[in-house]
Amino acid sequence: MSADNTLYLLDGSSWLYRAFHALPPLTNSSGEPTGAVFGMGNMLRKLLAAETGDHIAVIFDPRGKTFRHALDANYKANRPPVPPELADQFEPIRTLVDGLGLPMLQIDGVEADDVIGTLAKQAEAAGWKTVIVTGDKDMAQIVSDQVLLYDTMKDKRMDPVGVVEKFGVGPERIIDLLALMGDTSDNIPGVPKVGPKTAAKWLNAHGDLDSIIANADAIGGKVGESLREHLDQLPKSRELATIRCDVELPLTFDALTRGEQKTDVL
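Conventions we followed
- Residues numbered from 1 in each chain as written.
- Predicted model: local features only at pLDDT ≥ 70, side-chain atom pairs only at ≥ 80, totals over all residues.
- Heavy atoms only, no water.
- Phe/Tyr/Trp six-rings, centres within 6.5 Å; stacked < 30°, edge-to-face > 60°.
- Helix = DSSP H or I, 4+ residues; strand = E, 2+ residues; numbered from the N terminus.
- Buried < 20%, exposed > 50% of the residue type's maximum accessible area, 1.4 Å probe, protein only.
- Lys NZ or Arg CZ within 6 Å of the ring centre and 35° of its normal.
- Contact = heavy atoms within 4.5 Å.
- Core = buried A, V, L, I, M, F, W, Y, C linked by side-chain atoms within 4.5 Å.
- Pairing = 2+ DSSP bridges.
- Axes fitted to C-alpha atoms, helices over the stretch in contact; angles between N-to-C directions.
- Arc of directions from axis to C-beta.
- Parallel < 35°, antiparallel > 145°, perpendicular 65-115°, else oblique.
- Left-handed = near helix turned anticlockwise from the far one by under 90°.
- Salt bridge = Lys/Arg side-chain N within 4 Å of Asp/Glu carboxyl O.

Caption draft 1: Summary view of the packing of aromatic side chains. Inspection of every chain in the model, using the stated rule, returns one aromatic pair. Look at Trp 128 and Phe 253: their rings are 4.9 Å apart centre to centre, the planes differ by 80°, and that puts the pair in the edge-to-face class. Taken together, the residues Trp 128 in the loop between helix H6 (112–125) and strand E4 (129–133) and Phe 253 in the segment after helix H12 (234–241) connect sequence positions 125 residues apart. For Trp 128, a relative accessible area of 12% corresponds to the buried category. Positioned over the ring face of Tyr 150 is Arg 157, at 4.2 Å from the centre of the ring.

Caption draft 2: View of the side chain of Thr 134. Tracing the backbone shows Thr 134 in the loop between E4 and strand E5 (147–151). When sequence neighbours within four positions are dropped, the list of residues in contact with Thr 134 reads Asp 11, Ser 14, Arg 18, Met 139, Leu 149, Tyr 150 and Asp 151.

Caption draft 3: Focus on the nonpolar core. Core analysis: the largest hydrophobic core is formed by 51 residues, its most contacted members being Leu 9, Leu 119, Leu 180 and Leu 227. Among the elements that line this core, the one with the most residues is H6, at six residues. Contacts of Leu 180, omitting those with residues within four sequence positions, involve Gly 190, Val 191, Val 194, Ala 199, Trp 202, Leu 203, Leu 209, Ile 212, Leu 227 and Leu 234. Trp 15, Val 58, Leu 100 and Val 131 belong to the second largest nonpolar core, which has 24 residues in total.

Caption draft 4: The arrangement of the sheet that holds strand E6 (residues 156–158) in detail. In space, the six strands of this open sheet follow the order E3-E2-E1-E4-E5-E6, with mixed pairing throughout. For this open sheet the edge positions go to strand E3 (104–105) and E6, each flanked by a neighbour on one side alone. Bridge analysis of E5 against E6 gives three bridges, and the strand direction is antiparallel. Considered in E6, the bridge of Leu 149 is made with Met 158. Taken strand by strand, helix H1 (residues 12–22) contacts strand E1 (6–11), strand E2 (55–59), E4 and E5, and its axis lies near 50° from that of E1. Along the sheet face, H6 touches E1, E2, E3, E4 and E5 and points at about 175° away from the line of E1.

Caption draft 5: Spotlight on the environment of Thr 118. Within the element layout of this structure, Thr 118 appears in helix H6. For Thr 118, the contacting residues outside a window of four places in its chain are Arg 244, Cys 245, Asp 246, Val 247 and Leu 249.

Caption draft 6: Structural context of H12. Of all the residues in H12, the buried ones are Leu 234, Ser 237, Leu 240 and Ala 241. Down the axis of H12, the buried side of the element spans an arc of 125°, and every buried residue falls inside it. For H12, the secondary structure elements touched by its buried residues are helix H3 (67–71), helix H8 (174–181), helix H10 (209–214) and helix H11 (221–229).

Caption draft 7: Just the packing of H8 against helix H9 (residues 196–206), in detail. Contact geometry for H8 and H9: axes closest at 9 Å, N-to-C directions at 130°. Relative to H9, H8 is oriented oblique. Our pair here, H8 against H9, has a crossing hand that is right-handed. Listed contacts from H9 to Asp 176, Leu 177, Leu 180 and Met 181 of H8 are Pro 196, Ala 199, Ala 200, Trp 202 and Leu 203.

Caption draft 8: Geometry of the pattern of salt bridges. Evaluated as defined, the whole model comprises 13 salt bridges. One salt bridge in this structure joins Asp 98 and Lys 262, with 3.0 Å as the shortest N-O distance. On the criterion of sequence distance, the pair formed by Asp 98 in helix H5 (residues 90–99) and Lys 262 in the segment after H12 is long-range, its members being 164 residues apart. The exposure class of Asp 98 is partly exposed, given its relative accessible area of 32%. Using a relative accessible area of 34% as the deciding quantity, one classes Lys 262 as partly exposed.

Here you go:
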């Protein structure tokens, strides 16, 4: 992929957690935790050495609740609190990103996924390519011929064909898939007994979630019973799983330009 007219969007929140859990509990001479900073620094430097594009940004989740908590107070309620040794590294990581000359975005009340989705759609409308650097399966709904996912941990890029190979449905049905199977990490309720294979089977047979709901009486077995018992929660689950691509942002995608590294900061 040419670096010209290509936008790189890094899911910073996903990366810092992956860096934190990938390394032992490293500390500096003062006893301050440094593992996530060290890991994310290595991941960023490796990416920047491999990709030559100048349009890039690192996007972080905001502190506190988002608009999805207004939809469902139980959204992400099952997540444990952030470990203090990771929380202590948030600001050093932001300083590191700034020192590398990378633009950062963190929008109050809006998750990183929605900021990334909005920027990717802006770029797509302008005829640009976008590479979303993340391991988050939810982002598969954004994939298109111009939007790819890049999992640097596995060194794998995912296009629309790759989404079908992995999930059994195309990007346009990922939201419906997530609504049916639920998402334990986000505490999005799905249909009990329905996993990714069953959800994909139903979507390929009926077309979309609305058609599955309309034909629920025709789906047999225990799993069909479970579907009918939980029909009322599916619209909310679909709404919670949907990445917003119309977030109001303080800038447009083409303003996200890589700057000079600040060696004194680094």
